[in-house]
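Structure at a glance
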Amino acid sequence: MKFRDLHIETQRQAPNNARAEGFSLLVRAGYLTRENVPTKLGEYTLDHLRNLSNDPSFIFHLSLPTISNERETFFPIPFGSIEVAHCPSCKYTERLEFALFKKTPLPQEEQLRLEKILTPDCHTIEALANFLNIPKEKTAKALMYTRVADNKFIFVVVRGDMQLSDAKLKQQVGETRPATAEEIDRSGAAAGYASPIGLKDALIVVDDLIPLSQNLVAGANEPGYHLKNTNYERDYSAEIVADLVQAKAGDACFNCGNSLSVISVISLSTRNEYYFENILLALAEIYHDDKGLTFPHQAAPFDVYLMHLPGKEMDTRAKAEEIYSSLQSAGISVLFDDRDERAGVKFNDADLIGCPTRVTVGEKGLKEGMVELKLRKEKENRLVPIDKIIEEISSLK
Ligand SMILES: [Zn+2]
């Protein structure tokens, strides 16, 4: 491809909306617009990655530091739109909302007598735990929803120190929406003071830690009052007992017990789909230096950046055209910088765009039948006879 056909426009300045170095360089090198839309060069590169993906192990060959499970491959990146729980020890990896972890029940206790207590202004678990001077683990948190499909009232209970995972709830009961004040009233619950005890027409769903927890404080379904010592089975039961809560950093890995990390990532692939724009971003994030991108051969859209330096006596451009054709005939992919720009501009752009090899056609070399060859990742260049150039480049792949 020729530089001018691709309408490549590089930029000296990093875009001010760049949150990751890779994105910044893709914009500066002319692969993406600042609005994160692929340019012609970007589309060409994405097509190249698409072709590579005919080999099912292609992501592996790109040597990216991915984390994965059997369904999805992720790339850790600051500001990634997805959070995963990851175990550094056994490599367990799961989207945070579905992640499993080892729950630790409090020590088992004898069940105590149910007791109604006055708890003014205790609408939240924090306020309640403070007021009673107990840990949040000793409370039951109530959440009320209505199932979208049939308007069934859903009453959820998790331990007070834990967060409900909406995704896990959805797996159990289907799509829900928050219950309205009227729906809560009709079930016999009281917002801020709710418990599953004595409700009408409610589908009760509890986290699997609840049956293992004794003497929890729960709402009395009467404003201003709570019940001490509520116990699952003795005081109420549930239609569904399941894992409903969201893991957090530091929770124990379900497999090995080590501490889970929570990591921001982007998704590179699922079983049936690749996300090529994310793969390109991951490549840029890993393969760059302070001058620009340094794509490896496996990933680079072009093997060679070919450029000519305008000559005084010789038509360097015509010679470069010749080399362009012969490289292409040899199956080497070439980006031909056919602009009549200053050498410095071209060298900078070559570094930004990041093809693995640069070939420079200049008057001085041509007089001796040579062109200059430089690897993107090396500082030094060397002269190579024009008739050996294909051989040289092929040996680098
Ligand atoms: Zn683990």
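Provided above is the structure to which this section pertains.
In this report, we go over the structure that sits alongside the text. (Residues numbered from 1 in each chain as written. Predicted model: local features only at pLDDT ≥ 70, side-chain atom pairs only at ≥ 80, totals over all residues. Heavy atoms only, no water.)

Focus: the nonpolar core
Formed by 42 residues in total, the largest nonpolar core has its most connected members in Leu26, Tyr31, Ile279, Leu283, Phe295 and Ile353. For this core, the elements supplying multiple residues, two or more each, are helix H1 (21-28), helix H2 (40-52), helix H3 (58-61), strand S15 (261-270), helix H7 (276-286), strand S18 (304-308) and helix H9 (343-353). The element best represented in this core is H7, accounting for 7 residues. Sequence-distant contacts of isoleucine 279, defined by excluding residues within four places in its chain, comprise Leu49, Phe58, Ile59, Leu62, Leu268 and Tyr274. The next biggest cluster of nonpolar side chains, apart from the first, holds 24 residues, and it includes Cys87, Ala99, Ile154 and Leu203. (Core = buried A, V, L, I, M, F, W, Y, C linked by side-chain atoms within 4.5 Å. Buried < 20%, exposed > 50% of the residue type's maximum accessible area, 1.4 Å probe, protein only. Helix = DSSP H or I, 4+ residues; strand = E, 2+ residues; numbered from the N terminus. Contact = heavy atoms within 4.5 Å.)

A look at the packing of aromatic side chains
We describe a pair of aromatic rings using the distance from one ring centre to the other and the angle between the two ring planes. In the structure shown here, the tally under the stated rule is 8 aromatic pairs. Taking the centre distance of 6.4 Å and the plane angle of 80° together, the rings of phenylalanine 3 and tyrosine 305 count as edge-to-face. Residue phenylalanine 3 is located in the segment before H1, and its partner tyrosine 305 is located in strand S18; the two are separated by 302 residues in the primary sequence. A single burial state applies to phenylalanine 3 and to tyrosine 305, both of which are buried. Aromatic side chains tyrosine 44 and phenylalanine 302 sit 4.8 Å apart centroid to centroid with 5° between the ring planes, which places their arrangement in the stacked category. Note that tyrosine 44 is positioned in helix H2 and phenylalanine 302 in the loop between strand S17 (292-293) and S18, a separation of 258 residues in sequence. Tyrosine 44 gets classed as partly exposed once you look at its relative accessible area, which sits at 28%. Note on phenylalanine 302: relative accessible area 1%, which makes it buried. (Phe/Tyr/Trp six-rings, centres within 6.5 Å; stacked < 30°, edge-to-face > 60°.)

Quick look at the pattern of salt bridges
For the structure on display, the rule yields 30 salt bridges. A salt bridge links aspartate 235 to arginine 234; the nearest nitrogen and oxygen atoms lie 3.0 Å apart. Where salt bridges share partners, they join Lys103, Lys168, Asp207, Asp208 and Asp243 into one cluster. (Salt bridge = Lys/Arg side-chain N within 4 Å of Asp/Glu carboxyl O.)

Brief notes about the sheet that holds strand S1 (residues 67-68)
Hydrogen bonds between backbone atoms are what pair the strands of a sheet, whose relative direction is either parallel or antiparallel. In spatial order, the strands read S1-S2-S15-S3-S4; together these 5 strands make up an open sheet with antiparallel pairing. Two strands close off the open sheet at either side, each with one partner strand: S1 and strand S4 (93-95). Pairing of strand S2 (residues 72-76) with S15 involves 5 bridges; the strand directions are antiparallel. Bridge pairing links threonine 73 to serine 269 in S15. Contacts from H7 reach S2 and S15, with the element oriented near 125° to S15. (Pairing = 2+ DSSP bridges. Axes fitted to C-alpha atoms, helices over the stretch in contact; angles between N-to-C directions.)

Quick notes on the sheet that holds strand S13 (residues 240-242)
Taken in spatial order, the 5 strands line up as S9-S7-S8-S10-S13 in an open sheet, and their pairing is mixed. The open sheet has two edge strands with one neighbour each: strand S9 (176-178) and S13. Going from strand to strand, the sheet's axes swing by 30° on average, the running direction of each strand aside.

Details of the coordination of the zinc ion
For the zinc ion, the protein coordination sphere consists of Cys87 (SG), Cys90 (SG), Cys253 (SG) and Cys256 (SG), at 2.3 Å. In primary-sequence terms, the residues that donate to the zinc ion follow C-x2-C-x162-C-x2-C. Residue cysteine 90 is found in the loop between strand S3 (82-86) and S4, and its partner cysteine 253 is found in strand S14 (residues 252-253); the two are separated by 163 residues along the sequence. (Donors = N, O, S within 2.8 Å, 3.2 Å for Na, K, Ca; no water.)

Side note on H1
Of all 8 residues in H1, 7 are buried; the element is thus mostly enclosed. Buried residues along H1 sit in contact with H7, strand S16 (288-289), S17 and H9.

Concerning the packing of H2 against H7
For the pair H2 and H7, interaxial distance at closest approach is 10 Å and the crossing angle is 100°. When the axes of H2 and H7 are compared, the pair comes out roughly perpendicular. Contact residues: H2 offers Thr45, Leu46, Leu49 and Arg50, while H7 offers Phe276, Glu277, Ile279, Leu280 and Leu283. Class assignment of the residues belonging to the contact of H2 with H7 gives a composition of 6 nonpolar, 1 polar and 2 charged. (Parallel < 35°, antiparallel > 145°, perpendicular 65-115°, else oblique. Nonpolar A, V, L, I, M, F, W, Y, C, P; charged D, E, K, R; others polar.)

Describing the pairing of strand S22 (residues 381-385)
Of the strand pairs in this sheet, strand S21 (residues 370-375) and S22 are connected by 5 bridges, and their pairing is antiparallel. Residue pairing for S22: valine 371 is matched across the bridge by valine 384. Hairpin geometry of S21 and S22 is characterised by an intervening segment of 5 residues between the two adjacent antiparallel strands.

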